[in-house]
Amino acid sequence: MREPPSEDTARRLLKTVLPDGDGDGVELRAVAGDGGHAAWRVGTGHVLRLAADGPASRELRREVRLRDLVRPYVTVAVPACAAAGEWAPGLAYTLDTRLPGASAEIRDVTAAGEEDLAGLLAGLRTVPVARAVPLGAPTVAPRSLENLRREAGVVAGRLDGAGEFEAARLGQLTAQGVTQLGPQPDAVLVHHGLNGERLTVSADGRVRGVLGWAGVVVGDPAEDIAGLAISVGARAAVRGATLAGYGARVCLRGLWLGRCDALVRLSARLADGGDVGLSRIRLERAWEPILLELVTD
């Protein structure tokens, strides 16, 4: 079995792909990779990712193809590939441009940033699905909000007992409301992995870029609204989706998917004994009160 990619591996590769061939002198800082990737920040301008196995290599290549498809349609930056290939037989790498800004986990999104989110959501819904599927975007059926509500109801009781959440708040989502908030019939391209760490935000609160395109699917646009509710708060998520042209039903479906997800994830984090700080913050964001709490036509 091949050894996992190391910093020495990365430096040897960079000698062949950097314009000046300075693989030894460039600053490398290891960062968390997605799935089967090892990743480093390269100086101030790039991120190097090395796939550790065949499935991760296929995912990396697929992500690059889908990013290239999406880029012309959205108003925020998407990482561009400065170099790509194989660092070992059958194992892929990418050297991507690093996007400006800091994580949305540490910077708030302003009203102007909500317009950027609208540009992201509106752009994704205009990407031709017929072009995305051959590039590897799978079609995913919408989740059952009723099943998620039931799961959230179980964990809400536990969280209430632990002093983490008032279970009665989940009662706002009634069985009738679930029926009204069914998925829209037309599937669109969905990022399907939006979180604060994947949104880069400038000092003035503008959303400058979106990372992490490996999970792109054709599916329910409410999933991206749900991700934004957890990432930037319910108000900003719904306002951004409304500006993107989504109606009340899609916005509220996304909001409730996000709220239920936040409950389930906090409960899971408490159960496994991990750090719950970020999960609590995300729960608070998703459960921000908004004006649009009743379904309208």
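Keep in mind that what you see is a predicted model, and the values were worked out from it rather than measured.

Conventions and cut-offs
Residues numbered from 1 in each chain as written. Predicted model: local features only at pLDDT ≥ 70, side-chain atom pairs only at ≥ 80, totals over all residues. Heavy atoms only, no water. Pairing = 2+ DSSP bridges. Helix = DSSP H or I, 4+ residues; strand = E, 2+ residues; numbered from the N terminus. Axes fitted to C-alpha atoms, helices over the stretch in contact; angles between N-to-C directions. Contact = heavy atoms within 4.5 Å. 1 Å grid on protein atoms, 1.4 Å probe; cavity = no way out; pocket = protein on both sides within 12 Å on 5 of 7 lines; lining within 4 Å. Points joined across faces, edges and corners; volume = space filled by probe spheres on them. Nonpolar A, V, L, I, M, F, W, Y, C, P; charged D, E, K, R; others polar. Core = buried A, V, L, I, M, F, W, Y, C linked by side-chain atoms within 4.5 Å. Buried < 20%, exposed > 50% of the residue type's maximum accessible area, 1.4 Å probe, protein only.

### A closer look at the sheet that holds strand β1 (residues 28–31)
Working definition: the strands of a sheet are paired by backbone hydrogen bonds and lie parallel or antiparallel to each other. In space, the five strands of this open sheet follow the order β1-β2-β3-β5-β4, with antiparallel pairing throughout. For this open sheet the edge positions go to β1 and β4 (81–88), each flanked by a neighbour on one side alone. Across the sheet, the mean angle separating the axes of adjacent strands is 20 degrees when strand polarity is ignored. Sheet topology places β4 next to strand β5 (residues 91–97); six bridges connect them, and they run antiparallel. Opposite A88, over in β5, you have L91 as the bridge partner. Contacts between helix α1 (residues 7–17) and the sheet are confined to β1, β2 (37–42), β3 (46–51), β4 and β5, with β3 contributing the most and set at about 120 degrees to the helix. Where helix α2 (residues 54–70) meets the sheet, its contacts fall on β2, β3, β4 and β5, and the angle it forms with β5 comes to roughly 35 degrees.

### Observations regarding the layout of surface pockets
For the largest pocket, the calculated volume is near 790 Å³. As for the largest pocket, its lining consists of 24 residues, of which V31, A32, R41, E197 and L211 are closest to the centre. Counting only elements with at least two residues in the lining of the largest pocket, the list comes to β2, β3, α2, β5 and β6 (102–103). Classifying every residue of the lining of the largest pocket gives eight nonpolar, seven polar and nine charged. What the second largest pocket holds in volume is close to 400 Å³.

### Concerning the nonpolar core
Ranked by size, the top nonpolar core spans 69 residues in total, and within it L189 and L263 carry the most contacts. Considering every element that reaches this core, the biggest residue donor is helix α9 (residues 248–272), with 11 residues. If we skip the residues at most four places from it in the chain, L263 touches A152, V155, L159, F165, L170, L283 and W287. L18, A38, L48 and L91 belong to the second largest nonpolar core, which has 17 residues in total.

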